Amino acid sequence: MKKALISTLACLGISLASLAQDPLLTGTPFGSTAVDYSNGQSSTTVNTVANAFDGDLNTYFASYNRTYTYAALDLGSPYIITRVAWSPRNDGVGPSRTKLAVFEGANQPDFMDAIPLYITDVDGVIGQYQSADINCSKGFRYVRYVGPNDSRCNVAEVQFYGHSGVGDNSQLPQIGGLPTVVIHTVNAQDPYDKEHEIVSIVSIVQANEIMTDSAGVRLRGNASMGFPKKPYRIKFYKKKNVLGSPAKAKKWCLINNYGDKTLMRNLIAYEYARRLNMAYVPFSHPVNVFLNGEYKGCYQLADQLEINKNRINITEMAPEDITGEALTGGYHLEMDGYAHEEPENGRFYSYPYNMGITIKEPDSDEITSQQKQYINNHFNTMCQRVQNHNNWRQYLDEDSFLQHFLVGELSANTDTYWSMHMYKNRSNDTIYCGPEWDFDIAFDNDYRHYPTCNKSDYLYKSAGTNQSFVSRIIKDDVAAQRRMTYLWSDARLNHDLCADTICQLIDNWAATLDQSQRLNFLRWPILSSNVHMNPRNAGSYSGEVTFLKNFVRNRFNWMDTHVGLDTTVSTAVEETYANENAPVLIYNLQGLLIGQEIDYQHLASGIYIVKQGSNSTKVLVP
């Protein structure tokens, strides 16, 4: 009987919550300064916050400033909010100015600790209340309605319903079906550049947990910083894990994905890197972001690329590390198309390839002249070894370079060598490639090279960045070509790197992102426009996802043809590779002595026995 009643009520659009409705709450109105439209000046007498709570649908509140403005109530003590209602200003633009409005609850009058309770996703209806049930167990003394961007708030009535109580965190709103990152800056100041951190309180809200800390927030990125939807960097006061991340750290990135209309290209590329067995793949999790009460869109909360035992796991240098072994590392570098914009002390140019290199760590304001000179010289030695085919594997890790190459080509990332992260640890001559980063224009999302699968050669040959350096390994080194075929085949056959699996992953992410993507493209209505490097648009989110899946299938076929898929590669073969510098005796499986060193240029692919003293090892030459 009870289930039948609930079903009948649902068909009528009536919830049990509305039948047993908590009372309308009253309190002291406060909020943003009002505007007098007759003269365009601020006002304390017309269109004031009080109008939003007077019960009259013919009056309204309008703010002097256009953005980050609100109408609030001080309820006097905490209340658990169970329902909200609103009605738009009675004029031609009123209905649209309530779409993407946000309801927040807080326990500080400045709302620095506020969390979103609800976001509207449809136009208002003049002369009518629209309402929504709120499923939140936490109590709030202060509640407010924050107008959408560039709306002057413009609302006729705002209502909050609830009952008295402090409550708890057992049930918290999940706006758009994702964890929520909530940023409130002092005086609602917008972050405006990469140098100045704005003092903030940042909360990360999950279904039953709120993590809150003071933080500095600034912009981040290069080209992405110029988009309307801004990318941010957060630096918490204390180190912390977020959303189950491996790393405990202060610094985190909010990736804006503006030109990536699937909102998942980074996530898919990182999965490529995992299945190709790269040493470290950045943590990244989709979130919805609110700044000063305004919805900013669907982002990815991701690792900051930095030295950390669960990020780039190398020794962190100090200013006194200027001699001996201490001088040798660790260094975090980036082959960087924007190197010329970095401080002089934090960059250099490699020879003979003239590649711009940014020294990410040590920081440019901490690195010493000795440290900069050392890593400059060491990097140039590596480049010269690659150029001359002179034992370059001692200075550049072959596997990580090839893994990076494969991720870049499989994803068709035109930024693969425009931005390439690398690192060198202490007491180790080898420079390693990785981690992977920045795939917003990958997966055929760059008009300059679209469609990628129609090209007869690798993408790096037409992308135009650092071609000579890459070619000395990929085109001119037969052993590197063999090794690349092995790494590709091993991932394809033994680590489930295949189109079917990746397309299923894309479908899973699309389902997870469905509510959030709808809000994101209400906030940024670009699905029918070409933005950034878009070569085309599908006009819908589902169309963008379909385009991504079609590209993935085509690209796997292209890679199998051009890299080579060796179906004999099996996990049954011990994956041990000889150190080409060590003295060895090499025998074939028939026991015949083949030679005394691994000659990658002339030794045929196959399995060999390598003896070094009393030790014998089975070796696969790809």
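Residues numbered from 1 in each chain as written. Predicted model: local features only at pLDDT ≥ 70, side-chain atom pairs only at ≥ 80, totals over all residues. Heavy atoms only, no water.

## Thoughts on the pairing of strand β6 (residues 115-119)
Piece 1. When you tally the buried positions in β6, you get four out of five residues, the bulk of the element.
Piece 2. Looking at chain direction, strand β5 (residues 102-106) and β6 are connected through four bridges and run antiparallel. Directly across from Gly105, in β6, lies its bridge partner Ile115. (Buried < 20%, exposed > 50% of the residue type's maximum accessible area, 1.4 Å probe, protein only. Helix = DSSP H or I, 4+ residues; strand = E, 2+ residues; numbered from the N terminus. Pairing = 2+ DSSP bridges.)

## A few points about the sheet that holds strand β17 (residues 331-336)
Piece 1. Read across the sheet, five strands follow the order β18-β19-β17-β20-β21 without closing on themselves; strand pairing throughout is antiparallel. What marks the edges here is a single partner per strand, and that holds for β18 (347-349) and β21 (431-433). For this sheet, the mean angle separating the axes of adjacent strands, direction not counted, is 30 degrees.
Piece 2. Relative to strand β19 (residues 356-361), β18 runs antiparallel, the two being bridged by three bridges. By the bridge assignment, Phe348 is partnered in β19 with Ile357.
Piece 3. Of the strands in this sheet, β17, β18, β19, β20 (419-424) and β21 touch helix α4 (residues 369-388), which is tilted by about 30 degrees from β18.
Piece 4. Relative to the sheet, helix α5 (residues 398-410) contacts β20 and β21, its axis offset from that of β21 by approximately 25 degrees. (Axes fitted to C-alpha atoms, helices over the stretch in contact; angles between N-to-C directions. Contact = heavy atoms within 4.5 Å.)

## Notes on the packing of aromatic side chains
Piece 1. This structure, assessed with the given rule, holds 30 aromatic pairs.
Piece 2. Considering the side-chain rings of Phe111 and Tyr142, the 6.4 Å spacing of their centres and the 65 degrees angle between planes classify their relative orientation as edge-to-face. With Phe111 in the loop between β5 and β6 and Tyr142 in strand β8 (residues 139-146), this pair connects stretches of sequence that are 31 residues apart.
Piece 3. Residue class for Phe111 comes out buried when judged on its relative accessible area of 0%.
Piece 4. By relative accessible area, which is 8% here, Tyr142 ends up buried.
Piece 5. A connected cluster of aromatic rings, assembled from ring pairs, spans Trp86, Phe103, Tyr118, Tyr145 and Phe160.
Piece 6. Residue placement shows Arg311 over the ring face of Trp252; its charged tip is 4.4 Å from the ring centre.
Piece 7. Geometry around Trp558 places Arg555 over its ring, the cationic atom sitting 4.2 Å from the centre. (Phe/Tyr/Trp six-rings, centres within 6.5 Å; stacked < 30°, edge-to-face > 60°. Lys NZ or Arg CZ within 6 Å of the ring centre and 35° of its normal.)

## As for α5
Piece 1. For α5, built from 13 residues, the straight-helix expectation of 18 Å at 1.5 Å per residue is met to within 8% by its first-to-last C-alpha distance of 18 Å.
Piece 2. Of all 13 residues that make up α5, 12 are buried, and the element is covered over most of its length.
Piece 3. Every buried residue belonging to α5 is among Glu398, Ser400, Phe401, Leu402, Gln403, His404, Phe405, Leu406, Val407, Gly408, Glu409 and Leu410, and all of these are buried.
Piece 4. N-capping of α5 is provided by Asp397, with a side-chain oxygen placed 2.8 Å from the backbone N of Ser400.
Piece 5. Within two residues after α5, Ala412 carries a phi angle of roughly 55 degrees, on the positive side. (Expected span 1.5 Å × (residues − 1). Polar contact = N/O pair within 3.5 Å; in protein donor to acceptor, adjacent residues only side chain to side chain.)

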